[in-house]
Amino acid sequence: MCVGCQSPLPPLPYPPGPKTAVRLSPGDVIKASYADESIPDQTQKIRRDGKLSLPLIGEVTAAGKRVIDFQHELVSRYEGKLDNSEVLVTLENGTANVIVSGFANKPGTYPFDRPTTVYQAVMEAGGVSDYGSASNIHLTRIINGEQRSETVSLRPAIHGQPVRPEYVQDGDVIYIGRSLF
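Because the structure is predicted, anything quoted here is derived from the model rather than measured.

Reading guide: rules and limits
Residues take numbers from 1 onward in each chain, read along the sequence in its written order. This being a predicted model, a pLDDT of at least 70 is required before a residue's local features are given, and a value of 80 or more before pairs of side-chain atoms are given or counted; all residues contribute to the totals for chains, interfaces and linings. Where side-chain values are given, they derive from all heavy atoms of the structure, hydrogens and water being excluded. Think of it this way: any DSSP run of H or I at least four residues long counts as a helix, any run of E at least two long counts as a strand, and we number them from the N terminus. Classification of residues uses two cut-offs on accessible area relative to the type maximum, computed with a 1.4 Å probe and protein chains only: under 20% is buried, over 50% is exposed, and between them is partly exposed. By this definition, two strands are paired if DSSP reports at least two bridges between them. Axis definition: a line fitted to C-alpha atoms, over the contacting stretch in the case of helices. Angles run 0 to 180 degrees between N-to-C directions. Note on definitions: a residue-residue contact is assigned when non-hydrogen atoms from the two residues lie within 4.5 Å. Multiplying 1.5 Å by the helix residue count minus one yields the expected span of that helix. Definition of nonpolar core: a set of buried residues of the types Ala, Val, Leu, Ile, Met, Phe, Trp, Tyr and Cys, connected through side-chain atoms within 4.5 Å.

(A) How the structure looks around unusual backbone geometry. Phi at Leu56 is positive, roughly 70°, even though this residue is not glycine. One can find Leu56 in the loop between β3 (51–54) and β4 (58–61). By relative accessible area, Leu56 is classed as exposed at 55%.

Here is the structure:
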């Protein structure tokens, strides 16, 4: 009856925004813009091994680093090699293709702009089906050529409890296991 009497929910303590630590991963497309005009700007996709090949410095590992940290690394690596070593690094395309399978309401392959959490990916796939378990979710990722899995429970997040989010990466497979009840 008293619609205007409800007090609003308090804001989330850690809102997403510029402080969200997005880390570069294989498949991301970055652009390196050089202040020194002797080198043309470079737009490259980070390879599966996490590296790029850049003029004058060769192979550089980009995966796992924040954009700003990678930019600082390039500036220091170009120091002494260029008259002006300033480089601006931007993330041009951070799409991750993730497979959500098992007991999801709409299993399939989903493209996501990063950062996207496992919870968000499962919700995009229609959530956990009636036969699935929100506490029995397996995240599988290839790290250094080796397939690794971990079990993730979404139950605390579903119940509104604060959790440290797990972010998806390109090529991840999320398998929602069957509920035992």
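Okay, back to it.
(B) View of the sheet that holds strand β5 (residues 87–93). In spatial order, the strands read β2-β1-β5; together these three strands make up an open sheet with antiparallel pairing. Where the open sheet ends on each side, the last strands, each with one partner, are β2 (42–45) and β5. In this sheet, neighbouring strand axes are inclined to one another by 25° on average, regardless of whether the strands run parallel or antiparallel. As defined by bridge partners, strand β1 (residues 29–34) adjoins β5 across six bridges and the pair is classed as antiparallel. Bridge pairing in β5 places Ala32 opposite Val89. In the packing of helix α1 (residues 67–78) onto the sheet, the strands contacted are β1 and β5, and the crossing angle to β5 comes to about 140°.

(C) Representation of the pairing of β1 in the model. Among the six residues that make up β1, five are buried, leaving the element largely enclosed by the rest of the structure. Sheet analysis places β1 next to β2, joined by four bridges and oriented antiparallel. Each bridged residue has a counterpart across the sheet, and for Val29 the counterpart in β2 is Lys45.

(D) View of α1. The end-to-end C-alpha separation of α1 is 17 Å, in line with the 16 Å expected for twelve residues at 1.5 Å each. Three or more residues of α1 are buried, namely Phe70, Gln71, Glu73, Leu74, Val75 and Tyr78. Those residues of α1 that are buried lie in contact with β1, β3, β4 and β5. Just downstream of α1, Gly80 is the residue with a positive phi angle, here 85°.

(E) Quick look at the nonpolar core. Within the largest apolar cluster, 18 residues are counted, with the highest numbers of intra-cluster contacts made by Ile30, Tyr34, Leu54, Phe70, Leu74, Tyr78 and Val87. Taken together, the elements giving at least two residues each to this core come down to β1, β3, α1 and β5. Take this core: its biggest share by element is four residues, from α1. Aside from chain neighbours lying at most four places away, what touches Tyr78 is Tyr34, Ile39, Leu54, Pro55, Leu56, Ile57, Ser85 and Val87. In terms of nonpolar packing, the next biggest core, distinct from the first, is built from 17 residues, Ala96, Val100, Ala121 and Ile176 among them.

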